[in-house]
Amino acid sequence: KNEVEQSPQNLTAQEGEFITINCSYSVGISALHWLQQHPGGGIVSLFMLSSGKKKHGRLIATINIQEKHSSLHITASHPRDSAVYICAVRSFGETSGSRLTFGEGTQLTVNP
Amino acid sequence: GAVVSQHPSRVICKSGTSVKIECRSLDFQATTMFWYRQFPKQSLMLMATSNEGSKATYEQGVEKDKFLINHASLTLSTLTVTSAHPEDSSFYICSALSGLLNQPQHFGDGTRLSIL
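What this report covers is the structure whose coordinates are included nearby. (Residues numbered from 1 in each chain as written. Chains lettered and ligands numbered in written order. Predicted model: local features only at pLDDT ≥ 70, side-chain atom pairs only at ≥ 80, totals over all residues. Heavy atoms only, no water.)

When you go through chain A residue by residue, the secondary structure sums to 0 helices and 11 strands. Written out in order from the N terminus, the α and β elements of chain A read β-β-β-β-β-β-β-β-β-β-β. Relative to its length of 112 residues, chain A is compact, with a C-alpha radius of gyration of 14 Å against a globular reference of 13 Å. Each principal axis of the C-alpha distribution contributes one length, and for chain A these read about 45 × 25 × 25 Å. Expressed as a percentage of the 112 residues in chain A, the buried residues total 46%. In the form shown here, chain A has an accessible surface area of approximately 5400 Å², with 50% of it arising from carbon and sulfur atoms. The positive charge centre, built from 9 side chains, and the negative charge centre, built from 8, are 8 Å apart in chain A. (Helix = DSSP H or I, 4+ residues; strand = E, 2+ residues; numbered from the N terminus. Rg over C-alpha atoms; globule rule 2.2 N^0.38 Å. Buried < 20%, exposed > 50% of the residue type's maximum accessible area, 1.4 Å probe, protein only. Areas by Shrake-Rupley, 256 points an atom, 1.4 Å probe, with all protein chains shown as cover. Lys, Arg positive; Asp, Glu negative; His and termini not counted. Charge placed at Lys NZ, Arg CZ, Asp CG, Glu CD.)

In structure tokens, the structure reads:
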């Protein structure tokens, strides 16, 4: 069992739909990241969370530390949101120079 | 916001060539840089971690003589794939972290390496 698991692996939606991607982890963490990887390969850091909820534009990220679960929501989805979304965690107690553990990613396709 | 610049974005070269990939943090000092390799449809695989001014720490199974990493300044790290062979063809991506607390890790746009 991977330390970080995402679901679903693939998601196809129609433009305008509300989208949720889930991430569960099995280790203690100091922070959880949501990343977006574009078709060309570049990766953008969307959120870094250690508790609660963050919102940026149409994106919302939540985390429940007790349940070791995080969700990424996209409201009013658009074809330009099509990308791979990756959940990554930094384990609790390690220094900021330590590694991230990545989920397998969720391929999102939003059709017009 | 913070930006990490990686280049070249794509390299195609003959077997036996050495290829250097640069990773620069443009508006922050990166005390730690990470180099990843990614195969198609798979997640990022950490190759090595480098701290400025010290030797890189390589992950198990990564040949340090094959993948030379230099982190000579707080804004620049390089990965050199020495005597590259077709099996080294892959997508390589760097990432940088400042020494400040609670800062996100920023990623470059990656380098697609194709060895003929």
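Read on, since the account is not over.
We now examine the interface of chain A and chain B. Tallying the contact residues gives 19 residues for chain A and 20 residues for chain B. Carbon and sulfur atoms supply 55% of the area that chain A and chain B bury against each other, a total of about 1500 Å² over both sides. When the buried area of chain A at its contact with chain B is split by residue, Ile43, Arg99 and Phe102 of chain A rank highest and sum to 31% of it. The tally of links between chain A and chain B comes to 0 salt bridges. (Contact = heavy atoms within 4.5 Å. Buried area = accessible area lost by both parts, 1.4 Å probe. Salt bridge = Lys/Arg side-chain N within 4 Å of Asp/Glu carboxyl O.)

Further remarks concern the nonpolar core. In summary, soluble globular proteins display a tendency toward joint burial of nonpolar side chains. Trp35, Tyr58, Phe67, Ile69, Leu79, Tyr92 and Leu113 of chain B are the most contacted members of the largest nonpolar core, which has 25 residues in total. Those elements that provide at least two residues to this core are β2 (10-13), β3 (19-25), β4 (30-38), β5 (45-51), β7 (67-73), β8 (76-81), β9 (90-98) and β11 (111-115) of chain B. Among all residues touching Leu79 of chain B, those that are not within four sequence positions of it are Val19, Lys20, Ile21, Trp35, Phe67, Leu68, Ile69 and Tyr92 of chain B. With 24 residues, the next largest nonpolar core counts Val4, Ile21, Leu46 and Leu72 of chain A among its residues. (Core = buried A, V, L, I, M, F, W, Y, C linked by side-chain atoms within 4.5 Å.)

The subject of this paragraph is the sheet that holds β8 of chain B. Residues and elements named next belong to chain B. Pairing in this open sheet of 4 strands is antiparallel, and the strands run β1-β3-β8-β7 from one edge to the other. Of all the strands in the sheet, just β1 (4-7) and β7 have a single pairing partner and so form its edges. Across this sheet, the average inter-strand angle for adjacent strands is 15 degrees, counted without regard to direction. With 5 bridges connecting them, β7 and β8 associate as antiparallel partners. The residue of β8 that forms the bridge with Ser73 is Leu76. (Pairing = 2+ DSSP bridges. Axes fitted to C-alpha atoms, helices over the stretch in contact; angles between N-to-C directions.)

Here we come to the pattern of salt bridges. Any two side chains of opposite charge can pair if their charged atoms end up close together. The final tally for this structure, using the stated rule, is 3 salt bridges over all chains. Asp81 of chain A is paired through a salt bridge with Arg58 of chain A; the nearest N and O atoms lie 2.8 Å apart. Of this pair, Asp81 of chain A sits in the loop between β8 (69-74) and β9 (83-91) while Arg58 of chain A sits in the loop between β6 (52-56) and β7 (59-64); the two residues are 23 residues apart in sequence, bridging distant segments of the chain. Judged by its relative accessible area of 6%, Asp81 of chain A falls in the buried class. A salt bridge links Arg24 of chain B to Glu22 of chain B, with the shortest nitrogen-to-oxygen separation between them at 3.4 Å. Using a relative accessible area of 33% as the deciding quantity, one classes Arg24 of chain B as partly exposed.

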